[in-house]
Amino acid sequence: MSFADFVLAQLPPPPARVLEVGCGDEGGVAYALDAAGYDVLAIDPQAPEGPLFRRKTLEELDDPGPFDAVVAGRVLHHVQPLGAGLDKLARLAPLLVVDEFAPERLNGATQDWYEAQHRALVASGREPEGPARLDHWRAAHSDIAPSGTVLAELRARYDELAFERRPYLYRWLGGPATEQLEETLIGVGAIDAVGLRWVGRSTIKLWPPGSPG
Ligand SMILES: C[S@@+](CC[C@H](N)C(=O)[O-])C[C@H]1O[C@@H](n2cnc3c(N)ncnc32)[C@H](O)[C@@H]1O
């Protein structure tokens, strides 16, 4: 299931106001949410041009809210300090929908399988989006938070409504290394699940006072 479909399944029905944090330069799920009838604000320093977007970090965001939900796709592991960022999000909206990954699981058999798939794709003329060598990637991304840290910070501010570990590397590989293949290998214990999806309800009083939640 795409992250956009997962988000749509978690949100209250429109009309509702949704903040997307770290939408990236392709707009994340903002276009899909807008098309589904939500009032969307999507932020990222690299956000596209357009009425849905603002080129701002979470730390720079000055919209007082409230929002009905926040969506954070593959961004929380970049936010520093994460605790302060989540304090802000937990006050802006009652619901948080997260797409994340577990960099600490990119080793052993999981790393071997990924790198072999990458080599096979390159040999067949494809250009996978992800890195060829995970040791190099790890050395260049030593500041990324492990999933245990992200989950602990989330659980300190939200009641957990949903949590699943799931395939992720198919998004880096593309081509014939499909989500289903990765899911099968995870299911038989051959590789680790690197992706995760999580939904929580804020336990922190929303700001401004009197907001929904
Ligand atoms: C891996 S990309 C994810 C983009 C998109 N959500 C996706 O899943 O394809 C991470 C994005 O987070 C953004 N980012 C990192 N730190 C941020 C922060 N503190 N506030 C807002 N965006 C941030 C980066 O600019 C980058 O575009």
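Keep in mind it's a predicted model, so treat the numbers as computed, not measured.

Conventions and cut-offs
Residues numbered from 1 in each chain as written. Predicted model: local features only at pLDDT ≥ 70, side-chain atom pairs only at ≥ 80, totals over all residues. Axes fitted to C-alpha atoms, helices over the stretch in contact; angles between N-to-C directions. Helix = DSSP H or I, 4+ residues; strand = E, 2+ residues; numbered from the N terminus. Parallel < 35°, antiparallel > 145°, perpendicular 65-115°, else oblique. Left-handed = near helix turned anticlockwise from the far one by under 90°. Contact = placed C-beta atoms within 7 Å. Nonpolar A, V, L, I, M, F, W, Y, C, P; charged D, E, K, R; others polar. Near = placed C-beta within 6 Å. Buried ≥ 20, exposed ≤ 12 C-beta atoms within 10 Å, placed from the backbone. Pairing = 2+ DSSP bridges.

(A) Structural view of the packing of helix H3 (residues 82-92) against helix H6 (residues 147-155). Their axes nearest at 10 Å, the elements H3 and H6 cross at an angle of 40 degrees. Taken together, the axes of H3 and H6 are oblique relative to one another. Taken as a pair, H3 and H6 cross one another with a handedness that is right-handed. Here Leu82, Gly83 and Leu86 of H3 come into contact with H6, specifically with Val150, Glu153 and Leu154. Of the residues that constitute the contact of H3 with H6, the class distribution is 4 nonpolar, 1 polar and 1 charged.

(B) Representation of the site of the ligand within the structure. Within the structure, the ligand sits among 17 residues, and Gly22, Gly24, Thr57, Gly73 and His78 are positioned closest to it. Per-class residue counts for the shell around the ligand are 7 nonpolar, 7 polar and 3 charged.

(C) The environment of Leu41, seen in detail. Among the secondary structure elements, Leu41 is positioned in strand S2 (residues 39-43). The exposure class assigned to Leu41 is buried, which follows from the 21 C-beta atoms found within 10 Å. C-alpha separation for the pair Leu41 and Phe67, spaced 26 residues apart in sequence, amounts to 9.4 Å. Once residues lying within four places of it in the same chain are set aside, the contact partners of Leu41 are Leu19, Arg54 and Asp63.

(D) The arrangement of the sheet that holds strand S1 (residues 17-21) in detail. A sheet is described by the order of its strands in space; here 7 strands give the open sequence S3-S2-S1-S4-S5-S7-S6, paired in mixed fashion. Edge strands, defined here as strands with exactly one partner in the open sheet, are strand S3 (53-54) and strand S6 (158-166). Both S1 and S2 contribute to a ladder of 5 bridges, which runs parallel. By the bridge assignment, Val21 is partnered in S2 with Ile43. Relative to the sheet, helix H1 (residues 3-10) contacts strand S4 (69-73), strand S5 (95-101) and strand S7 (195-202), its axis offset from that of S5 by approximately 155 degrees.

(E) Spatial organisation of the environment of Arg17. When you line up the elements, Arg17 lands in strand S1. Of the residues examined, Arg17 has 18 C-beta atoms within 10 Å and is grouped as partly exposed. Residues Arg17 and Pro66, spaced 49 residues apart in sequence, show a C-alpha to C-alpha distance of 8.0 Å. Those residues in contact with Arg17 that sit more than four places away from it in its chain are Asp39, Phe67 and Asp68.

(F) Geometry of unusual backbone geometry. The amide bond that connects Pro14 to the next residue, Pro15, takes the cis arrangement and shows omega of 5 degrees. In this fold, Pro15 is placed in the loop between H1 and S1. Following Gly65, the chain continues to Pro66 via a peptide bond in cis, the omega torsion being 0 degrees. Relative to the helices and strands, Pro66 resides in the loop between S3 and S4.

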